[in-house]
Amino acid sequence: VDKASFKKLIPVVTYEDVKPDIDRIASGDTSPILCSQPISEFLTSSGTSAGERKLMPTIDEELDRKSHLYSLIMPVMNQFLPNLQNGKGMYFLFVKSESKTPSGLPARPVLTSYYKSRHFARARAANDPYTNYTSPTETILCNDTHQSMYSQLLCGLVLRHEVLRVGAVFASGFIRAIKFFENNWTSLCKDVRNGTVDHRIVTDPVVRLAVSRVLVGPNPGLADFLERECRRDDTGIIPRVWSNCKYIDVIVTGAMSQYIPAIDHYGGGSLPLVCSMYASSECYFGLNLNPLCNPDEVLYTLVPTMAYFEFLPVDRFVEKADHDDDGEIKLVDLVDVKLGQEYELVVTTYAGLYRYRVGDVLRVGGFKNKAPQFTFVCRKNVVLSIDSDKTDEVELQTAVTRAAVQHLAPLGASLVEYTSYAETSNVPGHYVLFWEIDNGVMIERSSSTVSESCLAVEEGLNSVYRQGRVWDSSIGPLEIRVVESGTFDAIMDHAVTELGASINQYKTPRCVKRGPIFEMLNSRVVSSHFSPRLPKWAP
Ligand code: AMP
């Protein structure tokens, strides 16, 4: 009826609160449970509930809203870099596996849904500047990541003079593609030279046909040039090969900021990194109106027609949610947020999520006219992320505890303390756990125990992590570094004496970044072990 009634009557919820309703729809109940319009499909979020992907309901018309947000990106970019419509974007875009709910509704990631939609096909057919990519749609829709990546690179190489921008959705995906180029340039150059598509690599006939339409016959000159550039052990492969490229379009805010040095290496430090938008499976949120700013200055402006946005004030160190007279949490509207304050984002979507806590923490960093603009601060509780996986503290704790009980306890050993680290200096990156083991000598004698523990931890992690390991190969085998006994005491001493932590309140950090504590851990490593096999995963 009105805003006051809405706020009074509708509780603020998390996924667990709406899960029973979602399960009913997924099992075939077509009554208007969450939304008067039929739920057209479920978008599988990279956030998890009980180890499985969350299912976000969506309706047909949401695709119009997403297309609308995409259609704003090029006009914004063109204000800073004119004439981008005269060239193409080399974007590495991929679909992921999908499944069906018991009622037959598709369950798939939001981008897979978009790339398979008529909206995407229509935009491409109409030469919409945003979707003017070097990759034919058939290469994007190819289920085999290896074939898809090879084909997209081959097209991008052949069309290199037309390329004005390069990118992927997240930084991790872009780095994988460029690494793939570094590892496969000899085959790619051979195909460029002969005007062929290697039939041992690209076997899908539909993809082969689409790529062969882009190749316009043998090109030995280009092949010679590419071979020379690929042999050079130097930074800046992107501007060297795609010399008209003006920027790299990848999200490097939030957890992806760990990849900035790697991307800068490929960009030679001369190409700006552009974070163009902020979105999720629940709904799309907004875009960056100052796209050439530094990654640490990125502000996203929420587009108020995407959803009804509310904000839960947070103090990351002391949760102090304000409650109204009925005990409900008090939320702030988009027009009332305060500069410098941090908030957790709460959305009410057209597809039937009401006052739903997204789990992202944002900080108001400025205003465009009167529209607030937000820095992405973090995802609540997430400790580790390599690609689209988001492992939270509880999931990690459960997986580690179970692995220790399974593999250490039978040998009379136990886990004294642990912490974790996202190792991204290699491609693909992987999770590292530092374990201090009581009775570690015993363990050292049975060298398979710790590597089997690595696998046991992986088996206990959520399905997004295991999919990254098995289907996408975007995450490498988990590593456990066993540290000397007394290591975690030394870390506590360091925190108390050097960092002024209170000894009563000290808690072992469950995740560390590069810095003195990481150095302390590494300097005390006794042995390192990797997961010997892939964990189990099914779509
Ligand atoms: P998913 O629902 O799996 O698509 O994941 C959506 C989540 O990815 C968001 O809630 C954020 O935590 C994260 N995310 C999306 N876009 C950005 C961005 N531009 N910067 C930082 N994190 C982002």
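Here, the structure is the one placed above.
This section reports on the structure supplied with the text.

Each value, and the rule that gives it
- All residue numbers refer to position in the chain's written sequence, counted from 1.
- Predicted model: local features are reported for residues with pLDDT of at least 70 only, side-chain atom pairs are reported and counted for 80 or more only, and whole-chain, interface and lining totals are derived from all residues.
- Hydrogens and water molecules were not included; the side-chain quantities draw on all heavy atoms of the structure.
- Burial classification: accessible surface area is computed with a 1.4 Å probe over protein chains only, and a residue below 20% of its type maximum counts as buried, one above 50% as exposed, and the rest as partly exposed.
- Secondary structure elements follow DSSP: runs of H or I of four or more residues count as helices, runs of E of two or more count as strands, with numbering from the N terminus.
- Arc, as used here, means the arc of the directions from the helix axis to the C-beta atoms.
- Contacts: residue pairs with any heavy atoms within 4.5 Å of one another.
- Strands were regarded as paired on the criterion that DSSP finds at least two bridges between them.
- Axis definition: a line fitted to C-alpha atoms, limited for helices to the stretch in contact. Angles are taken between N-to-C directions and run from 0 to 180 degrees.
- Throughout this document, a residue counts as near a molecule or strand when at least one of its heavy atoms sits within 4 Å of that molecule or strand.
- Any pair of N or O atoms that falls within 3.5 Å is considered a polar contact. Within protein, one atom must be able to donate a hydrogen and the other to accept it, and sequence-neighbouring residues count only if both atoms are side-chain atoms.
- Residue burial considers only the protein chains on display, and all accessible areas are found by Shrake-Rupley using a 1.4 Å probe.
- Oblique is the label for any angle not under 35 degrees, not over 145, and not in the 65 to 115 range, which are roughly parallel, roughly antiparallel and roughly perpendicular in turn.
- In this scheme, a crossing is called left-handed if the near helix is turned counterclockwise away from the far one by less than a right angle; it is called right-handed if the turn is clockwise.
- Charged means Asp, Glu, Lys or Arg here, nonpolar means Ala, Val, Leu, Ile, Met, Phe, Trp, Tyr, Cys or Pro, and polar covers whatever is left, Gly included.

## Here's the deal with helix 17 (residues 487–497)
For step 1, the next point in the chain: Among all positions of helix 17, only Thr487, Phe488, Ala490, Ile491, His494 and Ala495 are buried. In an axial view of helix 17, the angular spread of the buried residues amounts to 155 degrees, which keeps them on one side of the axis. In helix 17, those exposed residues whose orientation departs by more than 90 degrees from the buried face are Asp489 and Thr497.
For step 2, the next point in the chain: Residues of helix 17 that are buried sit in contact with strand 19 (414–423), strand 20 (430–438), strand 21 (479–483) and helix 18 (516–523).

## Thoughts on the sheet that holds strand 10 (residues 284–287)
For step 1, the next point in the chain: Read from one edge to the other, the open sheet built from eight strands follows the order 9-10-11-16-15-14-12-13, with strand pairing classed as antiparallel. At either end of the open sheet lies a strand with only one pairing partner, and these are strand 9 (277–279) and strand 13 (332–333).
For step 2, the next point in the chain: Along the sheet face, helix 3 (residues 62–80) touches strand 9 and strand 10 and points at about 10 degrees away from the line of strand 10.

## Details of the site of the ligand
For step 1, the next point in the chain: Taken together, 15 residues sit near the ligand, with Ser46, Thr253, Ser281, Tyr300 and Asp360 positioned nearest.
For step 2, the next point in the chain: Ser46 is positioned such that a nitrogen or oxygen atom in its side chain is 2.5 Å from an oxygen atom of the ligand.
For step 3, the next point in the chain: Here Arg379 contributes a side-chain N or O atom positioned 3.0 Å from an oxygen atom of the ligand.
For step 4, the next point in the chain: Considering the ligand on its own, with 500 Å² of exposed area, one finds that the protein chains cover 90% of that surface.

## What about the packing of helix 13 (residues 393–407) against helix 15 (residues 447–460)?
Helix-helix packing is described using two parameters, namely the angle between the two axes and the distance between the axes.
For step 1, the next point in the chain: Axis separation between helix 13 and helix 15 bottoms out at 8 Å; the angle between their running directions is 140 degrees. When the axes of helix 13 and helix 15 are compared, the pair comes out oblique. Crossing angle aside, the handedness with which helix 13 passes helix 15 is right-handed. Judged by residue contacts, Ala399, Val400, Arg402, Ala403, Gln406 and His407 of helix 13 engage Thr449, Glu452, Ser453, Ala456, Val457 and Gly460 from helix 15.
For step 2, the next point in the chain: Along the lines of polarity and charge, the residues of the contact of helix 13 with helix 15 split into five nonpolar, five polar and two charged.

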